[in-house]
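# Structural overview for review
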Amino acid sequence: MSHPFPLRPLLELSQTRMDEAARRLGELIASEQEGTRKLELLQNYRDEYESRFHEAARNGISPDEWRNFSAFIGRIDEAIGLQKADVDRSRLMTIAGQNAWITQRNKVKAFDTPQKRHELGEARKEARIEQRQSDEHSAKRYLLRDETGES
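Let me sum up the structure you'll find in this document. Only a predicted model underlies this, so the values are computations on that prediction, with no experimental measurement involved. (Residues numbered from 1 in each chain as written. Predicted model: local features only at pLDDT ≥ 70, side-chain atom pairs only at ≥ 80, totals over all residues. Heavy atoms only, no water.)

### Topic: the overall build of the chain
The condition that has to hold: Helical segments are the DSSP runs of H or I of at least four residues, strand segments are the runs of E of at least two, and each set is numbered from the N terminus. We compute the radius of gyration from the C-alpha atoms alone; for a globule the expected value is 2.2 Å times N to the 0.38, where N is the number of residues. In this scheme, a residue with accessible area under 20% of its type's maximum is buried, one over 50% is exposed, and one in between is partly exposed, where area comes from a 1.4 Å probe on protein chains only. A contact between two residues is defined here by any heavy atoms of the two lying within 4.5 Å.
Across its full length, the chain carries two helices and zero strands. Against the globule reference of 15 Å for 151 residues, the chain gives a C-alpha radius of gyration of 35 Å, more extended than a compact globule. Referenced to the eigenvectors of the C-alpha coordinate spread, the extents of the chain come out at roughly 125 × 30 × 15 Å. Of all 151 residues assigned to the chain, the portion counted as buried reaches 19%. Expressed as a percentage of contacts within the chain between residues at least 6 apart in sequence, the contacts between residues at least 24 apart total 84%.

Printed below as a string of structure tokens:
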């Protein structure tokens, strides 16, 4: 009869926490990618709008249209700045999430090694018991054979 690994509850808790850290890391990566995608869209929109502004300026526009174009580009630039800050924050959170996952993974590894040693020791005990039982069985058969006079 093998004995259970005494640190199994801690190993299972560490594995649960590692799984949670991995799930959270996945969410953080997805959020960072979404933020980056939004930033690229804003930058592309700004480039497009600026091209339209230059085209309109070449064809001649009124001072009001000039102010409107300039004001709108200024608002887009503000949105780009905010989105860049958001992407930077998201990137830092992703790095923190990676570190949290690595920490949890290392804790699992710290319990995993003693567990493997424990399992190996238990397997050796089982093998010795089985060998002893086999030896006893063979010895009984030999004795029975000797007692009955068989060769």
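Next, the rest of the story.
### Points about the side chain of Q104
Within the secondary structure, Q104 is located in helix 2 (residues 63–148). Look past the residues within four positions of Q104 in its chain and what remains in contact with it is S14, R17, M18 and A21.

### Things to note about the pattern of salt bridges
Convention followed: Salt bridge, as applied in this entry: a Lys or Arg side-chain nitrogen positioned within 4 Å of an Asp or Glu carboxyl oxygen.
Within this structure, the stated rule accounts for 13 salt bridges. The partner of D64 in a salt bridge is R67, and the shortest N-O contact between them spans 2.1 Å. On the criterion of helical spacing, the pair formed by D64 and R67 is a turn pair, its members being three residues apart in helix 2. Each of E20, R23, R24 and E27 takes part in salt bridges that share partners, so that together they form one network.

### Here we look at the environment of E119
Here E119 is to be found in helix 2. Exposure remark for E119: the relative accessible area of 40% places this residue in the partly exposed category. Sequence separation between E119 and R8 is 111 residues; the distance between their C-alpha atoms is 11 Å.

### Quick notes on the packing of helix 1 (residues 8–59) against helix 2
What counts is decided by this rule: Comment: axis = line fitted to C-alpha atoms, over the contacting stretch for helices; angle = value between 0 and 180 degrees taken between N-to-C directions. Under this scheme an angle from 65 to 115 degrees is roughly perpendicular, one under 35 degrees roughly parallel, and one over 145 degrees roughly antiparallel; angles in between are oblique. By convention, the crossing between two helices is left-handed when the near helix turns anticlockwise from the far helix through less than a right angle, and right-handed when the turn is clockwise. Only Asp, Glu, Lys and Arg are considered charged in this grouping, and only Ala, Val, Leu, Ile, Met, Phe, Trp, Tyr, Cys and Pro are considered nonpolar; every other residue, Gly among them, is considered polar.
It is the contact of helix 1 with helix 2, at a shortest axis distance of 6 Å, that shows an interaxial angle of 160°. By the angle class used here, helix 1 and helix 2 are roughly antiparallel. Helix 1 and helix 2 meet at a crossing whose hand is left-handed. When grouped by side-chain class, the residues that make up the contact of helix 1 with helix 2 number 28 nonpolar, 14 polar and 15 charged.

### Details of the nonpolar core
Using the following cut-off: For our purposes a nonpolar core is just a set of buried Ala, Val, Leu, Ile, Met, Phe, Trp, Tyr and Cys residues, chained together by side-chain atoms within 4.5 Å.
L39, Y49, F53, A56, F69, I73, I76, I80 and V87 form the largest nonpolar core, which has nine residues in total. Secondary structure elements with two or more residues in this core: helix 1 and helix 2. Setting aside chain neighbours within four positions, we find A56 in contact with I61 and F69.

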